[in-house]
Amino acid sequence: MKSRISGRGEKTAKDALRGTRRDGRATRQAILMTAERLFAESGLDGVSIREITSASGVDLALVNYHFKSKENLFAATLSMRIDEMNGKRLALLDQVEIAEYSMRTLRDILDAFTKPYVGLTRKEQRDLSNYRRLVALVANSQRWQAVIFEQHYDPTTKRFIEALHQTLPSADPAKLYWSMSFFLGAMVNAFAETGRVDRLSGGLCHSGRLEDIRRNIVDFMIGGLLQSAGIGERQMKGGRA
């Protein structure tokens, strides 16, 4: 009898501990999701910790417990989606059949890079909206290069540059790095959904049509990459971009 009571007590304690851990993860995630939305709207310096706690419905002490500082919270917000996104990017890249001077290969490589950033489903596209806006705010800030981009973004980006070089082996590597750098800058701006292209085009273009943007920016990258590398479309297998 004593051992059964003890066993039930141990089980209850373990269940309570697991419940506490689940609650802790849920609280941390709620803070991150709220912080992502607010930081995407106003940036790091435009949002206070109290605004985040008020909007997420948690105590200030819990933010301090999980993240210690606003800067740490901002860094965690920036990095919370990238590992999963990189996994999807690399999985798609692994499916690409690399063929030298193949237009199809170029497009497949760039599709593999851009599709997870946009979202592979409608729900993902909605869920990633604040993230894309946040990345657009900080992509050109040196403040976060070593903390976030060098660690979380660069290794995957280098894999894609290697794939581009395998496809265009005669290209000057420096041209590939510059082309990718220009492409990244254009990409994060294009997907920030600022509405500027809507105004500039008088409604002809729409910043909310993400798949249209994605296809156009892939075309833009292919054209610029070939021009920069000095490779004519006639040299490519598969015809025009």
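Summarised in this report is the structure supplied together with it. (Residues numbered from 1 in each chain as written. Predicted model: local features only at pLDDT ≥ 70, side-chain atom pairs only at ≥ 80, totals over all residues. Heavy atoms only, no water.)

### Quick word on the overall build of the chain
- Each helix and strand in the chain was counted, giving twelve helices and zero strands.
- Each helix and strand of the chain, placed in order from N terminus to C terminus, yields the pattern α-α-α-α-α-α-α-α-α-α-α-α.
- Every one of the 241 residues in the chain was classed for burial, and the buried ones make up 40%.
- Accessible surface for the chain amounts to roughly 13800 Å². Of this, 50% is attributable to carbon and sulfur atoms. (Helix = DSSP H or I, 4+ residues; strand = E, 2+ residues; numbered from the N terminus. Buried < 20%, exposed > 50% of the residue type's maximum accessible area, 1.4 Å probe, protein only. Areas by Shrake-Rupley, 256 points an atom, 1.4 Å probe, with all protein chains shown as cover.)

### Structural notes on the packing of aromatic side chains
- Enumeration according to the criterion identifies seven aromatic pairs in this entry.
- Here Phe39 and Phe74 contribute two aromatic rings whose centre-to-centre distance is 4.8 Å and whose plane-to-plane angle is 75°, an arrangement assigned as edge-to-face. With a gap of 35 residues between them, Phe39 in helix H1 (residues 2-42) and Phe74 in helix H4 (residues 70-79) connect regions that are remote in the sequence. For the pair Phe39 and Phe74, one class covers both residues: buried.
- Taking the centre distance of 4.6 Å and the plane angle of 25° together, the rings of Phe149 and Tyr153 count as stacked. Of this pair, Phe149 and Tyr153 both sit in helix H9 (residues 145-167), four residues apart, which is roughly one turn of the helix. Comparing Phe149 with Tyr153 shows no difference in burial state: the two are buried.
- An aromatic cluster of three or more residues is present, and its members are Phe113, Phe160 and Phe183.
- Seen from the ring of Phe113, Arg89 lies directly overhead, with NZ or CZ sitting 3.9 Å from the centre. (Phe/Tyr/Trp six-rings, centres within 6.5 Å; stacked < 30°, edge-to-face > 60°. Lys NZ or Arg CZ within 6 Å of the ring centre and 35° of its normal.)

### Description of the environment of Val218
- Tracing the chain through its elements places Val218 in helix H12 (residues 210-229).
- In this structure Val218 comes out as buried when scored by relative accessible area, which is 0%.
- Val218 sits 107 residues away from Asp111 along the chain, and the two C-alpha atoms are 7.3 Å apart.
- Discounting residues that sit within four places of it in the chain, Val218 has contacts with Arg107, Leu110, Asp111 and Thr114. (Contact = heavy atoms within 4.5 Å.)

### Some thoughts on the pattern of salt bridges
- All chains considered together, the criterion is met by twelve salt bridges.
- When the shortest N-O distance is used, the salt bridge between Arg132 and Glu193 registers 3.2 Å. In this pair, Arg132 is assigned in helix H8 (residues 129-138) and Glu193 in the loop between helix H10 (173-190) and helix H11 (196-200), connecting sequence segments 61 residues apart.
- Residue Arg132 is classed as buried on the basis of its relative accessible area of 0%.
- Its relative accessible area of 30% is what places Glu193 among the partly exposed residues.
- Three or more residues joined by partner-sharing salt bridges are found here, namely Asp111, Glu211, Asp212, Arg214 and Arg215. (Salt bridge = Lys/Arg side-chain N within 4 Å of Asp/Glu carboxyl O.)

### Some details on unusual backbone geometry
- For Lys68, which is not glycine, the phi torsion reads 75° and is therefore positive.
- Along the chain, Lys68 turns up in the loop between helix H3 (60-67) and H4.
- On the basis of relative accessibility, which here comes to 62%, the residue Lys68 falls in the exposed class.
- Located in the positive-phi region is Glu193, a residue other than glycine, with phi close to 55°.

### A short note on helix H5 (residues 82-94)
- Over its 13 residues, H5 runs 18 Å from end to end, which matches the ideal 18 Å to within 8%, given 1.5 Å per residue.
- Along H5, the residues classified as buried are Ile82, Met85, Asn86, Arg89 and Leu93. The buried residues of H5 occupy an angular sector of 100° when the element is viewed end-on, so they sit on one face. More than 90 degrees from the buried face of H5, the exposed residues found are Asp83, Glu84 and Asp94. (Expected span 1.5 Å × (residues − 1). Arc of directions from axis to C-beta.)

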